[in-house]
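The primary structure of each chain is shown beneath.
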Amino acid sequence: MYKGTSASAGIGIGKAVIVEEAQLVITRQAVNNVEEEVQRFKGALDETIKATEKLAEDLATRVGEKEAEIMQGHMMLLADPMLTGEIENSVRNDGVNSEYAIENVCNMYADMFASMGDELMQQRATDMRDIKTRMQQMLMGIQSVDISSLPEGSIIVAKDLTPSMTAGINPANVTGIVTELGGKTSHSAILARALEIPAVVAVTGFMDGVKDGDQVVLDGSTGEVYVNPDQAVTADYEEKRKQFLAEKKELEQYIGKPSVTKDGVQVEIVANIGKPEDVDKVLQYDGEGIGLFRTEFLFMDRNAMPTEEEQFEAYKKVAAAMNGKPVIIRTLDIGGDKEIPYMGLEKDENPFLGYRAIRFCLDRREDVYKPQLRALLRASAFGNIRIMVPLVTCIEEYRQAKALVEEIKKELDEKGIAYNKDIQVGIMVETAAASLIADIFAKEADFFSIGTNDLTQYTMSVDRGNKKVSYLYSTFNPAVLRSIKHIIACGREAGIMVGMCGEAASDPMMIPLLLAFGLNEFSMSASAILKARKMVTQYSVEELQAVADKAMSFATTAETEQYMRDFVEKVTD
Ligand code: PEP
Ligand code: MG
């Protein structure tokens, strides 16, 4: 059995089709007529742009506008005068063939992006290599691998899939994807999810262990992949596949249903988003609002900060699309693991304990924070926007943020610009300090949202991304559970809404506990909403009190997890 990173849920069972791009051999050749060569390059560039446009259009109709944007990103790279100008200059000044000039210039950019370390820049590097190969293939008259017409029941196996290859896949014939490289947030993984094809990426050494036609079984939820498994394993996964599809179908009946427990306690099940386009999926899965809009994504993968106007448009778009439902927008949370090169942040010794989120924003109030708050207030005239402040550790930070909101409100009043005068300003409770003084925060903040991803990190003193210490990273640790229970109690006591937007909010083993503690709002990725709603409707809050008491009585994470696992299994049996 191989193990990789789960990239798109579902079970794939089928025959391996090894997809390998022919290795292009690019050699340096001197050209006599450089102007003619430049024209040759321009012709190939035009053709590549046209082919990419076609792919984008095709994706927009087949899958969705958002997915087509990935190809539009390629078009932007191809239309970038700096890139194409450098290639032309190289042909003219060095007197070399276009293929060679493209190779050098594109590799230089791709290497530069790749060296920046973060995942988004890695993706840019992949995109750059993708367009490089496509321009070269165009020049050399080589067809790229056509994976639009594979036989039914194919499992695509590749070193890495470029976004343009993934976009060409026909989901009717492809039942799974396995790659040696790539990550959960790479564009090809995003496309696989949009096409609803089960996928596992980053499977080390996989290409050496599989050949064309082998039987491959993969579980896109767990990251497990088998090559030529025995009959029993295949039968087991056939069953899992049936269950997965049946559950997906069954969950559709929860669209339009209220999120209410058996004993009549109503909660809200809302969504986490990163970009305005993510709202489509939220509406598809009947989210009751947005519980977390991570605005840092608007700031990432670009060369300069989005202007107040651009931000205003993005926030307004989400608020309007959600049509009066609550939209909680978190102010910029960068630093820690989220770097933004153009912000000029120095590398912290201890990034997670350093200059990030509200600490950074209060320091950069003129150029960063105020424009964002102004955009948020202006957009609040178009829907039910609430502002959320991340990573607070002391009440002064909240007060300063709130004072800035008040200052901007006055400014807007003077200019006669509309905004929601009663806009709520809440906090993320995600540090140990904020949890310990949750009663103090509850007196001033308009709402809480518990960020368990960070709360677990800061409570357990364990880097959330460090595999070596990940055994300590669990929301079921008694310390984290006590913290969650305490935060909810403080919020409820003060009469404010308490939500949760960390990953724990959609954990089937955690939901019964959160209901028992009195959580009002559960925020999660859109695709998890219906399952969570189903679970909520299965429980009675009153009956769950004894379960929560028992769960809180254990001394270790393992015992608590085991108890909750047994409990959930019993309920769902
Ligand atoms: C959290 O910390 O739980 C959270 C939701 O925020 P992020 O994952 O963006 O830090
Ligand atoms: Mg956080």
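Here is a short report on the structure shown in this document. (Residues numbered from 1 in each chain as written. Chains lettered and ligands numbered in written order. Predicted model: local features only at pLDDT ≥ 70, side-chain atom pairs only at ≥ 80, totals over all residues. Heavy atoms only, no water.)

**Side note on the sheet that holds strand S16 (residues 521-524)**
Part 1: Strand order in this closed barrel of eight strands is S9-S10-S11-S12-S13-S14-S15-S16, and the pairing throughout is parallel. On average, adjacent strands in this sheet sit at an angle of 30 degrees to one another, irrespective of strand direction.
Part 2: Pairing of strand S12 (residues 384-389) with strand S13 (residues 425-429) involves three bridges; the strand directions are parallel. When the bridges of S13 are listed, Val-389 appears paired with Ile-427.
Part 3: Lying on the sheet, helix H18 (residues 478-494) is in contact with S13, strand S14 (447-450) and strand S15 (497-500); it crosses S14 at an angle near 165 degrees. (Pairing = 2+ DSSP bridges. Helix = DSSP H or I, 4+ residues; strand = E, 2+ residues; numbered from the N terminus. Axes fitted to C-alpha atoms, helices over the stretch in contact; angles between N-to-C directions. Contact = heavy atoms within 4.5 Å.)

**Comments concerning the site of ligand 1**
Part 1: Close contacts around ligand 1 come from 13 residues, with Arg-294, Arg-330, Gly-451, Asn-453 and Arg-464 the closest.
Part 2: Between an oxygen atom of ligand 1 and a side-chain N or O atom of Arg-294, the distance comes to 2.8 Å.
Part 3: Note that an oxygen atom of ligand 1 is positioned 2.8 Å from one of the side-chain N or O atoms of Arg-330.
Part 4: Alone, ligand 1 offers 290 Å² of accessible surface; in the complex the protein occludes 99% of this.
Part 5: Every element with two or more residues in the shell around ligand 1 is listed here: strand S10 (290-294) and helix H17 (452-460). (Near = heavy atom within 4 Å. Polar contact = N/O pair within 3.5 Å; in protein donor to acceptor, adjacent residues only side chain to side chain. Areas by Shrake-Rupley, 256 points an atom, 1.4 Å probe, with all protein chains shown as cover.)

**Details of the sheet that holds strand S8 (residues 224-227)**
Part 1: One open sheet holds the eight strands; their spatial order is S1-S8-S7-S3-S4-S5-S6-S2, and the pairing between them is mixed. The sheet is open, and its two borders are formed by strand S1 (2-3) and strand S2 (5-8), each paired with just one other strand.
Part 2: Pairing between S1 and S8: two bridges, direction antiparallel. Residue pairing for S8: Lys-3 is matched across the bridge by Glu-224.

**Concerning the coordination of the magnesium ion (ligand 2)**
Part 1: At 2.1 to 2.2 Å from the magnesium ion (ligand 2) lie its protein donor atoms, namely Glu-430 (OE) and Asp-454 (OD). Pair noted here: Glu-430 is in the loop between S13 and helix H15 (432-436) and Asp-454 is in helix H17, with a separation of 24 residues, a long-range link. Each of the two residues, Glu-430 as well as Asp-454, counts as buried. (Donors = N, O, S within 2.8 Å, 3.2 Å for Na, K, Ca; no water. Buried < 20%, exposed > 50% of the residue type's maximum accessible area, 1.4 Å probe, protein only.)

**Some words on the packing of aromatic side chains**
Part 1: Taken as a whole, this structure holds seven aromatic pairs when the rule is applied.
Part 2: Centroid distance Tyr-2 to Phe-206: 4.9 Å. Interplanar angle 85 degrees. Geometry classified as edge-to-face. Of this pair, Tyr-2 sits in strand S1 while Phe-206 sits in the loop between strand S6 (199-201) and strand S7 (215-219), placing them 204 residues apart in sequence.
Part 3: Looking at Phe-206, the relative accessible area reads 1%, which means it is buried. (Phe/Tyr/Trp six-rings, centres within 6.5 Å; stacked < 30°, edge-to-face > 60°.)

**A short note on the pattern of salt bridges**
Part 1: Scanning the model with the defined rule gives 33 salt bridges in all.
Part 2: Among the ionic pairs, Glu-296 bridges to Arg-330, the shortest N-O distance being 2.6 Å. Highlighted residues: Glu-296 in helix H10 (residues 296-299) and Arg-330 in strand S11 (residues 326-330), separated in sequence by 34 residues.
Part 3: A relative accessible area of 3% means that Arg-330 is categorised as buried.
Part 4: Lys-370 is the partner of Glu-407 in a salt bridge, and the nearest nitrogen-oxygen pair spans 2.8 Å. Remark: Lys-370 occurs in helix H13 (residues 365-379) and Glu-407 occurs in helix H14 (residues 395-415); sequence separation between them is 37 residues.
Part 5: Among the residues examined, Glu-407 registers a relative accessible area of 36% and is labelled partly exposed.
Part 6: By relative accessible area, which is 8% here, Lys-370 ends up buried.
Part 7: It is possible to trace a salt-bridge network through shared partners that takes in Glu-296, Arg-330, Asp-333, Arg-356, Asp-454 and Arg-464. (Salt bridge = Lys/Arg side-chain N within 4 Å of Asp/Glu carboxyl O.)

**Thoughts on the packing of helix H8 (residues 231-251) against helix H20 (residues 529-538)**
Part 1: At their nearest, the axes of H8 and H20 sit 9 Å apart, and the two run at 75 degrees to each other. Judged by the angle between their axes, H8 and H20 are roughly perpendicular. Residues Glu-247, Glu-250 and Leu-251 of H8 lie in contact with H20, whose contacting residues are Leu-530, Lys-531 and Lys-534.
Part 2: In terms of residue class, the contact of H8 with H20 is built from two nonpolar, no polar and four charged. (Parallel < 35°, antiparallel > 145°, perpendicular 65-115°, else oblique. Nonpolar A, V, L, I, M, F, W, Y, C, P; charged D, E, K, R; others polar.)

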